[in-house]
Amino acid sequence: MENLNWIITNLESAYLSKFKYSHVSKNYQFYSDYQIQTDTTNNIQFIIDGYILPRKNIYFQYKHYKQYNLLIELYSIYGDKFIRYIKGVFNIIIIKNNTFQIYNDRQSIKKFFKYEKDNSFILTNLLENISRLTPLYVDYNNTRLFFLMEHFIDSNTLFQYVNYSKPACFISFINSIEERQYWSPLELTKQELKNYSYNELSQLWNEIIQQYINYLKPKKITLTLTGGNDSRMILASLLNLNINTNTFSFGNPLSHDSVIAKTLAEKSYLNYNNYFVSNPTKDWFMEYSNKIVDFGNSLINIHRAHRLNAIEQEVKNNPETEMILGGFMGGDYLKGIVYDDYITAEIIRHIEYSKEPLDSIIQSILDKNFITSSSNDIQEIMDKINHFEFRINNEKLIREFLFVYNIVGSVHDTQDTNIFGSKIKYTVNPYMDIDFLEIVFSTEHSMLFKNNSSQNPLSRINQSDLHINITNILALDLSNIPYAKNGYYTANEYLGNRLVYIAKRFNRIYLKRKKYPQSFTYRDWTLEFVKNMVSNLSKEIKPLLNEKSYTFDLNHKNHLNTESYWHRFTNLINIDLNYKKFRYG
């Protein structure tokens, strides 16, 4: 994604003189390091931060329009309803005399930030711009909520009066800022069901991917390849369309994912690289943590370090790469929520299934994460949680869908998307594409017809039907290569006799289990990093820490070597690094 720098504010500051372009109104000023595009006929100015393309239903009518021409043309025809006809990863700013509008994409992959206090406001795509104009102070209960949810959710951030954009966010300004959603993900759940065949779905999948490539015209393409369903279905489309791509994976080359990824690439005669930090050190992790903090706008976890390292190497090896395709959300929107106590935070499982009072759940999890709190803190956090959209719906499946959309998609998976986007012009997540989502949620292949949280494996036997059937149709040659799943299996086995398939998977899971190393392992260097960093916490962050409990567990526990385990020690460090970066700009 092209990383522009823009800011809209009614504050005055010498800092703003650094920007090359500006629009000054009586109620606000707009600044950018990118030339503002103007529709001279209607005297309207436009900025696209990111990229757009026409929706599938109008693609052939507008495929020859460049991005700004597309935006200007659709706006001149449809006015504010132009947003229905485009998709992509974007913040769009429209300036008309003394008013402005901001739209971001439906998944809020490309986020912007809003600071609003008293009569002052700042809107920008870079959090650092806010801290350059005004001091920022920790919001302690938003931060406690981060420890409960493993993410900053529901637009909350580390700082008081600062929020990030929710999915499909629309800001309008006449004399004051008004905010709403121009589209709701619940629209996906209310569609009339259609009876698509797998051949029809395969063709629609191909069209979606081909239109991104044909419209954006990248010099080179790369694909993050794993042993799972999601990236393979993308690979199948690229092979079927005869589109050449580089491929890469990251992590231990002997891990199951990497072994299968390499096999897929070799079978498909594609260039493949595996990127693995074989001997990480605390200094290496510190270097990459700082890099993530520098561009991550406080919303990317430092544990994404090895992913950033991988995309740096991929771009170095293939410098003409302008597009990266990723399989994010393929499993989630199709199969549903996974209560893993990590991406789906532990508190969500407790709220959904435990009879324990919410205040007790909150207190217990904060204690486990060494975070201090008062009864007033707990009450405020409870009030926030009880008003989250994904908590107040009466239907369990809809609650899970809203969590998957608003947290897993819009907060968790956008971390990797933005890491890759910091190095590559166009990041494309086909499973998050609005046309694909409308198709899937008009069938019985969406998560609304699945029970991914069931403990009965037989109830999940059809979970991969869409992936495997589409992949089998588009790239039959891949159907004898196993998926890197528990009790690995091939598409041929999955699509054959189901009793034989079940018996083979059971045998492989329980009788012939093959051990593969983890993709990335946290060893003694992690403990060194944590000890070094926690000893230098900012005085503003220290009040959150139960130092006695933290120190005891750090020094006396037998530590595991997984990322999810180390979060309770590193989350506070993650917070502290971002506080130090943004408190003064």
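Given the structure is predicted, the values throughout are model-derived calculations rather than measurements.

Undergrad: For the packing of aromatic side chains, give the residues involved together with the corresponding values.
TA: Here the structure, examined in full by the defined rule, presents 56 aromatic pairs. Ring geometry for Phe 285 and Phe 529: centres 4.7 Å apart, planes at 80°, overall edge-to-face. On the criterion of sequence distance, the pair formed by Phe 285 in helix H8 (residues 282–295) and Phe 529 in helix H20 (residues 524–534) is long-range, its members being 244 residues apart. Per residue, the accessibility class of Phe 285 equals that of Phe 529, and both read buried. An aromatic cluster of at least three residues, connected via ring pairs, comprises Trp 284, Phe 285, Tyr 288, Phe 520, Tyr 522, Trp 525 and Phe 529. The side chain of Arg 232 reaches across the aromatic face of Tyr 483, ending 3.8 Å from its centre. Positioned over the ring face of Tyr 288 is Lys 291, at 4.3 Å from the centre of the ring.

Undergrad: Got a sec to walk through the sheet that holds strand S6 (residues 86–96)? Specific residues and values, please.
TA: In space, the six strands of this open sheet follow the order S4-S5-S6-S7-S11-S12, with antiparallel pairing throughout. Two strands lie at the open edges of the sheet, namely strand S4 (37–39) and strand S12 (177–181), each paired on one side alone. Shown here is a sheet whose adjacent strand axes are inclined to one another by a mean of 20°, direction ignored. When strand S7 (residues 99–104) meets strand S11 (residues 169–173), the two strands line up antiparallel, connected through four bridges. Residue Tyr 103 lies in a different strand from S11, and its bridge partner there is Phe 170. Across the face of the sheet, helix H2 (residues 67–78) comes into contact with S4, strand S5 (44–54), S6 and S7 while running at roughly 115° to S5. Along the sheet, helix H5 (residues 198–216) makes contact with S5 and S6, crossing S5 at roughly 135°.

Undergrad: Provide a residue-level description of the nonpolar core, including the pertinent values.
TA: Core analysis: the biggest nonpolar cluster contains 193 residues, and Ile 8, Phe 82, Phe 100, Leu 123, Ile 347 and Ile 362 have the highest contact counts within it. Counting residues per element, this core draws most heavily on helix H15 (residues 396–421), at eleven residues. Within the second largest apolar cluster, seven residues are counted, among which are Ile 461, Tyr 483, Ala 491 and Tyr 501.

Undergrad: Give me the sheet that holds strand S15 (residues 272–275): which residues, what numbers.
TA: Spatially, S15-S14-S13-S16-S17 is the arrangement adopted by the five strands of the open sheet, whose pairing is parallel. Of all the strands in the sheet, just S15 and strand S17 (426–428) have a single pairing partner and so form its edges. Going from strand to strand, the sheet's axes swing by 25° on average, the running direction of each strand aside. Pairing analysis gives three bridges linking strand S13 (residues 220–224) to strand S14 (residues 246–250), with the strands arranged parallel. From the neighbouring strand, Thr 222 faces S14, where its bridge partner is Asn 246. The strands touched by helix H6 (residues 229–240) are S13 and strand S16 (321–325); relative to S13, the strand with the most contacts, the crossing angle is about 150°. Strand contacts of helix H7 (residues 256–267): S14 and S15, with the helix running at about 165° to S15, the strand carrying the most contacts.

Undergrad: Any chance you could break down the environment of Asn 578 for me, citing the residues and the numbers?
TA: Positionally, Asn 578 belongs in helix H22 (residues 563–582). A relative accessible area of 3% places Asn 578 in the buried class. Along the sequence, Asn 578 and Asp 294 sit 284 residues apart, while their C-alpha atoms lie 8.5 Å from each other. If we ignore the near neighbours within four places in the chain, the residues touching Asn 578 are Leu 158, Phe 159, Val 293 and Ser 298.

Undergrad: Break down the pairing of strand S8 (residues 113–117) for me, citing the residues and quoting the values.
TA: Looking at chain direction, S8 and strand S9 (residues 120–124) are connected through five bridges and run antiparallel. If you follow Lys 114 over to S9, its bridge partner there is Leu 123. Following S8, the chain reverses through two residues before pairing antiparallel with S9; Asp 118 in that reversal takes a positive phi of roughly 55°. Bridging between S8 and strand S10 (residues 162–164) involves three bridges; their strand directions are antiparallel. Bridge pairing links Tyr 115 to Val 162 in S10.

What counts and what doesn't
Residues numbered from 1 in each chain as written. Predicted model: local features only at pLDDT ≥ 70, side-chain atom pairs only at ≥ 80, totals over all residues. Heavy atoms only, no water. Phe/Tyr/Trp six-rings, centres within 6.5 Å; stacked < 30°, edge-to-face > 60°. Helix = DSSP H or I, 4+ residues; strand = E, 2+ residues; numbered from the N terminus. Buried < 20%, exposed > 50% of the residue type's maximum accessible area, 1.4 Å probe, protein only. Lys NZ or Arg CZ within 6 Å of the ring centre and 35° of its normal. Pairing = 2+ DSSP bridges. Axes fitted to C-alpha atoms, helices over the stretch in contact; angles between N-to-C directions. Contact = heavy atoms within 4.5 Å. Core = buried A, V, L, I, M, F, W, Y, C linked by side-chain atoms within 4.5 Å.

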